[in-house]
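An overview of the molecular structure
Take a look at the letters that make up each chain.
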Amino acid sequence: MQPMKAILLNTIPSPALDRLLKRSEQIELCARFDRCPEQLPVCVLDNSVREHTNPLRAESFDGTELRQAATDSGVDAILFAVPNPSLKQVCEAFRDIPGVQGYVLPFYSATDSALDAAADLTDLLIPIDLGKPRLKMVQINLAEHCNLNCKGCANYSSLVKQPECSSYAQVARDLRRLRSFFWGIETVKLMGGEPLLNPEAARYPGLVRRLFPDSRIELGTNGLLLGPRQGLLLEAMRQAHAEFVISLYPGTRARKEQLEELLHREKIAYRLFEFRGQFLKYLYERPVYTPEEGYLHCPARECHCLENGWLAVCGRPLYLHRLNRAFGTAIPDGEGKWNIHTLELDPWELDRLLRTPIDTCRYCGPRCRFDWQPGAGRPPEKQDWIVD
């Protein structure tokens, strides 16, 4: 089999990657760029890259120059060894180059141990469709209800009266359809409510990893239900290279050392969110901004949500109906969501719409802090979410 002629874009300084390239027989490297397009300097290596010791240096170049290099070299593929947050922007510079296949080196394979263990770089690469965009973030709620029901919960979980969990079959169907629009997602957040209340929570990390193999997968939890009894979930998180994001509410903080010991032992990535005792609310009953101003100030910009076949610019179009129904408010929630199973739209146009202000943005204004309070013993009030 003939080796694949490729250009490498690399922003991950790694001697282990260089060692792997030297022993990779399935790749003929025609050129190599060792910085992001917007960064300086850039190293360009010719097709004797394995022995080259004096790379040519260019002061700067843009996406047009990168595309030209790919075209002039007559390559089969472009390899991206680029940090996850940069992939969307970098890959768009190579949109629709005829006959060129894209590949990414996922973050979990960019470690020294993974690179040194591989026989050939092609063993680690994931194919991508450069003719499609990449999403920044998608949130999927595994459970709408919660065991804390915090005052002012951003997902309005304290207004959910009965247990309500996602359907695994529906989420799988939604993600497969989403894949037809986007080649990848930077971060997939498995959230709630409290996601560990879903009895099938352990099935979701692997599902996301199979359908979006380059994504960073985060499971956000208050940690109160996390422990050795969650063996299936712990194994699924480790196998999927997923990460727990644990909010240290008072009850969780008391278990901090226990949780850290557990996750260290199980070799599972995690981050602890240092809870400061306050929440934020920034929803108003009347407009305070133009849609453009509200979007500009939005802390959830590009935090898209997926639920029951609907993809939304943020959580408001999917969950705001709970607030309107409970308290008779009339904040608009009809824009900014699309049924992806019936949608016939160019993927790049959908990507643009997901980053476009909507009418609801007018009601998201300056943020107001308030003291955190669990929901037990008090009924929710409109002022839990609405800034006076």
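An account of the accompanying structure is given in this report. The structure presented is a predicted model; accordingly, all values stated were derived computationally and were not measured.

Details of the nonpolar core
Residues Ile 140, Leu 175, Leu 178, Leu 190 and Phe 244 are the most contacted members of the largest nonpolar core, which totals 48 residues. When contributions to this core are tallied by element, the ones reaching two or more residues are β8 (134–141), α5 (168–179), β9 (184–191), α6 (204–211), β10 (216–221), α7 (231–239), β11 (243–247) and α9 (256–266). For this core, the element with the highest residue contribution is α5, accounting for 5 residues.

Remarks on the packing of aromatic side chains
By the definition in use, this model includes 11 aromatic pairs. Centre to centre, the rings of Phe 279 and Phe 370 are 6.1 Å apart; their planes meet at 80 degrees, and the pair counts as edge-to-face. Linking Phe 279 in strand β13 (residues 278–283) with Phe 370 in strand β17 (residues 364–371), this pair joins segments that are 91 residues apart in sequence. Across the pair, exposure class does not vary: Phe 279 and Phe 370 are buried alike.

Things to note about α5
Relative to the 16 Å expected for 12 residues at 1.5 Å per residue, α5 spans 16 Å between its end C-alpha atoms, a close match to the ideal helical length. Within the sequence span of α5, burial applies to Tyr 168, Val 171, Ala 172, Asp 174, Leu 175 and Leu 178. One side of α5 carries all its buried residues, which in axial view fall inside an arc of 165 degrees. Buried-residue contacts for α5 involve β8, β9, α6, β14 (304–307) and β15 (310–312).

Structural notes on the sheet that holds β10
Strands sit in the order β12-β11-β10-β9-β8-β14-β15-β16 across an open sheet of 8 strands; the sheet is mixed. Among the strands making up the open sheet, the edge pair consists of β12 (269–273) and β16 (337–339). Averaged over all pairs of adjacent strands, the angle between strand axes in this sheet comes to 25 degrees, irrespective of strand direction. Bridge count for β14 against β15 is 3 bridges, and the pairing is antiparallel. Looking across to β15, one finds that Leu 306 is bridged to Leu 311. Contacts from α6 reach β9 and β10 within the one sheet, and its direction differs from that of β9 by about 170 degrees. Against the sheet, α7 contacts β10 and β11, and its axis sits at roughly 120 degrees relative to β11.

Quick word on the environment of Leu 211
Along the chain, Leu 211 turns up in helix α6. You can call Leu 211 buried: its relative accessible area is 18%. For the pair Leu 211 and Asp 116, spaced 95 residues apart in the sequence, the C-alpha separation amounts to 26 Å. Apart from residues lying up to four places away in sequence, Leu 211 is in contact with Ala 172, Leu 175, Arg 176 and Arg 179.

Let's talk about the pattern of salt bridges
Enumeration over the complete set of coordinates arrives at 20 salt bridges. Residues Arg 322 and Glu 144 are paired through a salt bridge, measuring 3.0 Å at the closest nitrogen-oxygen approach. Within this pair, whereas Arg 322 is found in helix α11 (residues 316–327), its partner Glu 144 is found in the loop between β8 and α5, the two being separated by 178 residues in sequence. Each of the two residues, Arg 322 as well as Glu 144, counts as buried.

Focus on the environment of Trp 310
Within the element layout of this structure, Trp 310 appears in strand β15. By relative accessible area, which is 35% here, Trp 310 ends up partly exposed. For the pair Trp 310 and Gly 336, spaced 26 residues apart in sequence, the C-alpha to C-alpha distance is 9.9 Å. Apart from the residues lying within four places of it in its own chain, the contact partners of Trp 310 are Cys 305, Leu 318, Lys 337, Trp 338 and Asn 339.

Things to note about α9
Leu 259, Leu 262 and Leu 263 are the residues of α9 that are buried. The arc that holds every buried residue of α9, seen down its axis, measures 90 degrees, which confines them to one face. Away from its buried face by more than 90 degrees, α9 exposes Glu 257, Glu 261 and His 264. One or two positions beyond α9, positive phi appears at Lys 267, with a value near 60 degrees.

Structural notes on the side chain of Ser 247
Its location among the elements puts Ser 247 in strand β11. For Ser 247, a relative accessible area of 17% puts it in the buried group. In this structure, Ser 247 is in contact with Thr 221, Asn 222, Thr 252 and Phe 273, ignoring residues within four places of it in sequence.

Some thoughts on empty space enclosed by the protein
Taken as a whole and judged by the stated rule, the model has 2 cavities of 30 Å³ or more. What the largest cavity holds in volume is close to 40 Å³. Leu 87, Lys 88, Cys 91, Glu 92, Leu 130, Lys 132, Pro 133, Arg 134, Trp 183 and Trp 348 together form the lining of the largest cavity. The element that contributes the greatest number of residues to the lining of the largest cavity is helix α3 (residues 87–92), accounting for 4 residues. In terms of residue class, the lining of the largest cavity is built from 6 nonpolar, no polar and 4 charged.

Rules behind the numbers
- Residues numbered from 1 in each chain as written.
- Predicted model: local features only at pLDDT ≥ 70, side-chain atom pairs only at ≥ 80, totals over all residues.
- Heavy atoms only, no water.
- Core = buried A, V, L, I, M, F, W, Y, C linked by side-chain atoms within 4.5 Å.
- Buried < 20%, exposed > 50% of the residue type's maximum accessible area, 1.4 Å probe, protein only.
- Helix = DSSP H or I, 4+ residues; strand = E, 2+ residues; numbered from the N terminus.
- Phe/Tyr/Trp six-rings, centres within 6.5 Å; stacked < 30°, edge-to-face > 60°.
- Expected span 1.5 Å × (residues − 1).
- Arc of directions from axis to C-beta.
- Contact = heavy atoms within 4.5 Å.
- Pairing = 2+ DSSP bridges.
- Axes fitted to C-alpha atoms, helices over the stretch in contact; angles between N-to-C directions.
- Salt bridge = Lys/Arg side-chain N within 4 Å of Asp/Glu carboxyl O.
- 1 Å grid on protein atoms, 1.4 Å probe; cavity = no way out; pocket = protein on both sides within 12 Å on 5 of 7 lines; lining within 4 Å.
- Points joined across faces, edges and corners; volume = space filled by probe spheres on them.
- Nonpolar A, V, L, I, M, F, W, Y, C, P; charged D, E, K, R; others polar.

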